[in-house]
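Results of the structural survey
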Amino acid sequence: QKLDILEGKHKAEELCQTLVDRAGILVGHGKKTYMFRHKTFREFLAGVQLKEEWFEPGRISMLVEHFGEESGWWDEVIKFFMAQSNEKVFDHFMRELFTSSASFS
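Residues numbered from 1 in each chain as written. Predicted model: local features only at pLDDT ≥ 70, side-chain atom pairs only at ≥ 80, totals over all residues. Heavy atoms only, no water.

Thoughts on the overall build of the protein chain
Where we set the bar: Secondary structure elements follow DSSP: runs of H or I no shorter than four residues count as helices, runs of E no shorter than two count as strands, and numbering proceeds from the N terminus. Throughout this description, buried means an accessible area under 20% of the type-specific maximum (1.4 Å probe, protein chains only), exposed means over 50%, and partly exposed covers the range between. Exposure was quantified through the Shrake-Rupley algorithm and a 1.4 Å probe, taking into account, for residues, occlusion by the shown protein chains and nothing else. When charges are tallied, Lys and Arg are placed among the positive residues and Asp and Glu among the negative ones, while His and the ends of the chain are skipped. Throughout, a charge is located at the NZ atom of Lys, the CZ atom of Arg, the CG atom of Asp or the CD atom of Glu.
Along the backbone of the protein chain there are five helices and two strands. Starting at the N terminus, the α and β elements of the protein chain follow one another as α-β-β-α-α-α-α. Dimensions of the protein chain, computed from the C-alpha atoms along their principal axes, are close to 50 × 30 × 20 Å. Counting over 105 residues, the protein chain shows a buried share of 22%. Taken as a whole, the protein chain presents about 8,100 Å² of accessible surface, with 55% of it coming from carbon and sulfur. The protein chain carries 14 positive and 17 negative side-chain charges, and their two centres are separated by 7 Å.

Right, dumping it as structure tokens:
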């Protein structure tokens, strides 16, 4: 949807198809849906999005809930998030972590 509103000579569908056919970054997932081929892209972009929304109610506590899960799915997302954050975000995360049940497990 965001690509459709960008100005330029290429349509969103053409760009995505190039990322499937030539770059191999995306894989088709339905008629107009794509997914990143590698988990690392998804984890990185999830971390970037969380960094943009960290101040919204419940965002940091959601990360704390998933911190140290056995599945490990959130490990890289949290690392990417923290790598882009500043000391204010880090301090907020650590306060939430140390007052949560996750710090006792």
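Read on for the rest.
Points about the layout of surface pockets
For clarity, the cut-off: In this analysis the probe radius is 1.4 Å and the grid spacing 1 Å, with only protein atoms considered; a cavity is a set of points the probe fits into but cannot get out of, a pocket is an open set with protein on both sides within 12 Å along at least five of seven lines, and lining residues have an atom within 4 Å of a point. Grid points are joined across faces, edges and corners, and a volume is the space filled by probe spheres set on the points. Residue type decides the class: Asp, Glu, Lys and Arg count as charged, Ala, Val, Leu, Ile, Met, Phe, Trp, Tyr, Cys and Pro as nonpolar, and the leftover types, Gly among them, as polar.
Its volume calculated, the largest pocket comes out at about 280 Å³. Around the largest pocket sit Q1, L3, D4, A12, E13, C16, K31, K32, T33 and Y34, which together line it. Per element, the largest residue contribution to the lining of the largest pocket is three residues, and it comes from helix α1 (residues 12-21). Taken together, the residues of the lining of the largest pocket sort by class into four nonpolar, two polar and four charged. As a volume, the second largest pocket reaches approximately 170 Å³. What lines the second largest pocket is simply Q1, K2, L3, F36 and L45. Its residues assigned to classes, the lining of the second largest pocket shows three nonpolar, one polar and one charged.

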